[in-house]
Amino acid sequence: MSRRSDPPETTRDVLPGPDGLSDADLDALYRMQPVARPPADFADRVLARRAADHAPTDPPPGRRRRPIAIALTVAALAAAALLWVRPAGPRAGVVEAERVTTAALSDRAVAVADPGARIEWALTDGGLTVKQTRGRVFYRVDDGPLTVHTPAGDVAVTGTCFTVEVEPMSPTLKSAAVGALVGVAATIAVYEGAVRVHNEHGTVDLKPGERGRAIPEAAPIRADDDRRIYAVAPTPPTPPTPPAAPAPAPSAPGDRLAPQQVEELQALLTDTRAELERVERALAAEQAMRIESEGAPMPFPADLPDRFGEDALRTRVQAAFEQSGVAGEVVSIDCGEFPCVVYAELESDQEKGHEQLLESDAMAPYADDGKNVSVWGTRTRDAEGETRHRNFVGMALMPKGVVEGEERRALDKRLQFRNQQAAEAFMPAMRGDEPPE
Amino acid sequence: MKPDVFASTRMTGPPPASAPTELDDHTRTRAVRGDRRACRALVRCYERRVFALIGRMLRPHGLDAAVEDIAQETFLRVFAHLGRYRADGRARLSTWILTISTRLCIDRLRKRRPATPLDDAPTAALAGGPAADRAPIGAGLEQAIAALPPDWQAVFVLRAGHELEYGEIADALDIPIGTVRSRLSRARRQLRAALGDIARGGRR
């Protein structure tokens, strides 16, 4: 029975002989077989399905479950009480939601209607059709086709997750939008799958991550601002709030707004301010968490000696390679923040290479300075199964005493994060368990 | 030994990449709270391993179409139960996630397949199947794997495909380590015999 320390290079190498395969060869042969790979948007698909499924999560420690369960049950019963379903064909119904309401559209789709939304749906030989007259509804289509008719246009899908919002437009906003009288606008946000929005003026196809907008008087368009679709959202499945339309100023000095228009603009302003505050709070919390985990960048000291600059470091470290005979090279110098970090790749047999570099004459000017040195190694396997060893060193040099105590601990934490970033940049294939494509 | 990730890490300063194959605790905590970006980061971190495992479990049985569905189900369960995961416990998060995938796959296979007589399984399976039109060795290996009982297949896939330790496999499948060893040994023996049959057939 043969044993190999290295994986076989080809299938032919491990063709079983009379005595069969060793365990190592059998395992290696197995690992050589192609594996399934996720689609590029798999994470978004999971999150969309999670939003659609109302996937429950464990409560944080210390919270009781029973009150939540009771509350959910009460909410479900209340929603059911508010759900008016009447027969309108072989398989049909109407949903008028006074609070967030989940409705199964036959066994073909699920709709989650926001308060104020209204839909009528029917399942016929031609598929599932929905008439949405107002409000915002999230759809998950399990078995298409599905067509959502809105006053502003039709939305046709085959299998997807998306939202449709039908909103009335005030005279002021109407004129701002199209310069003409319009009654409604429909906003469509696609989370997964493909959606076609069309009306008598034209058609637009939307992909996951895109947003479209339709009004009765013009062809549907693909909205420019699609970032909010995947923005940090409130608790799923409530989709993110689409951006509010900008409130226009009166078109001429003599124009005066009607009291109702003033109220609408004030309400819009209030909502916008509230949304802005929410985003600012979320941003502040996000920044606080990031600093906690990544540390905060530190500014360069005003009187930093020239030897800590990028050019001097490059010159010195390259000279150190030549003087010490260590095999390797400088691959990058990160001077984006204090201190500069020199990243170098060392040959696989240079285990103490970084020590030799620092002890060389070229690095003598830094002998008494503060240092933070990280060394790491990795093995990667290329597409042919060849194993490649790579060793890296990250050297941060700074004047002794310029950063001490708590600041030094914060600096080391920040350097740890920077080194991790560098390591990931140097190792594009390290996150998976398969060789790079 | 992990094949491609910091297998030989050694440090003289702060660790540059303490756990590049595992999600950091901070992001995991945010994912528990439902932070969408953190949840996305979690999926991105583990999706390739999950797909690889599920594909290895289901494809030999012609269930290619179920791979993504089981993968999605895996992550939905991960999110549902992530609060129960203990980073200071024995299992790495990747092992914990692969455990969920493995159990879903075993459930799926048990629902589908009738019991297969073990003695005849590899030979019978080599007569045809979903992988019959692929390269002989790869197809033969896949068909032989398809003939294994799901529990044996899971042990082999976790060990040979994902290099889990015996103890991790035992925890994942909730079986004693001795059972892991015996199932692995039997699985390899059957696979070896099946591949030997192919080789002998090819040389005739």
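Residues numbered from 1 in each chain as written. Chains lettered and ligands numbered in written order. Predicted model: local features only at pLDDT ≥ 70, side-chain atom pairs only at ≥ 80, totals over all residues. Heavy atoms only, no water.

With that settled, the discussion passes to the side chain of E47(B). As for its placement among the helices and strands, E47(B) is situated in helix α2 (residues 36-58). Dropping the residues within four chain positions of it, E47(B) is found in contact with P38(A), F42(A), A43(A) and F75(B). (Helix = DSSP H or I, 4+ residues; strand = E, 2+ residues; numbered from the N terminus. Contact = heavy atoms within 4.5 Å.)

Attention now goes to the packing of aromatic side chains. Taken as a whole and judged by the stated rule, the model has 8 aromatic pairs over all chains. Ring geometry for F42(A) versus F51(B): centroids 4.8 Å apart, planes at 90°, classification edge-to-face. Of this pair, F42(A) sits in helix α2 (residues 42-53) while F51(B) sits in helix α2, each in a different chain. Assigned by exposure class, F42(A) and F51(B) land together as buried. Here the aromatic rings of Y343(A) and W376(A) are separated by 6.4 Å at their centres, their planes lie at 70°, and the arrangement is edge-to-face. One end of the pair, Y343(A), is in strand β15 (residues 341-346); the other, W376(A), is in strand β16 (residues 370-381), and 33 residues separate them in sequence. The class for Y343(A) is buried, based on a relative accessible area of 2%. Taken together, F42(A), F51(B) and F75(B) form an aromatic cluster joined through their ring pairs. Over the ring of F79(B) we find R50(A); its NZ or CZ atom is 4.7 Å from the centre of that ring. (Phe/Tyr/Trp six-rings, centres within 6.5 Å; stacked < 30°, edge-to-face > 60°. Buried < 20%, exposed > 50% of the residue type's maximum accessible area, 1.4 Å probe, protein only. Lys NZ or Arg CZ within 6 Å of the ring centre and 35° of its normal.)

Turning next to the nonpolar core. All names here are of chain B. Counting residues in hydrophobic clusters, the biggest one holds 64 residues, and the most contacted among them are L42, Y46, I54, M57, L58, F75 and F156. The greatest single-element share of this core, amounting to 12 residues, is contributed by α2. Contact partners of I54, with chain neighbours within four places excluded, come to R59, V67, I70, A71, T74, S101 and C105. (Core = buried A, V, L, I, M, F, W, Y, C linked by side-chain atoms within 4.5 Å.)

Residue and element names in this part refer to chain A. In this structure, T150 sits in strand β6 (residues 146-150). By relative accessible area, T150 is classed as buried at 9%. Residues contacting T150, with those up to four places away along its chain left out, are Q132, V164, V166 and A186.

All names here are of chain A. One pass over the full model with this rule turns up 1 disulfide over all chains. Here C335 engages in a disulfide with C340; their sulfurs sit 2.0 Å apart. One disulfide, between C335 and C340, carries an S-S torsion of 120° and so falls in the right-handed class. Judged by relative accessible area, which is 23%, C335 ranks as partly exposed. (Disulfide = S-S within 2.5 Å.)

Next up on the list: the pattern of salt bridges. Under the definition given, this model contains 26 salt bridges over all chains. With its nearest N and O atoms 4.0 Å apart, the salt bridge here joins R159(B) to E165(B). (Salt bridge = Lys/Arg side-chain N within 4 Å of Asp/Glu carboxyl O.)

Moving on: the confidence of the model for chain A. Residues and elements named next belong to chain A. Predicted confidence across chain A gives a mean pLDDT of 71, with 70% of residues reaching 70 or more. Confidence scores differ between elements of chain A, with helix α4 (residues 171-178) showing the lowest mean pLDDT of 38 and helix α6 (residues 310-324) the highest of 91. Taken together, the stretch residues 55-90 has pLDDT below 50 and engages in 30 contacts with residues farther than four places along the chain or on a different chain. (pLDDT = per-residue confidence, 0-100.)

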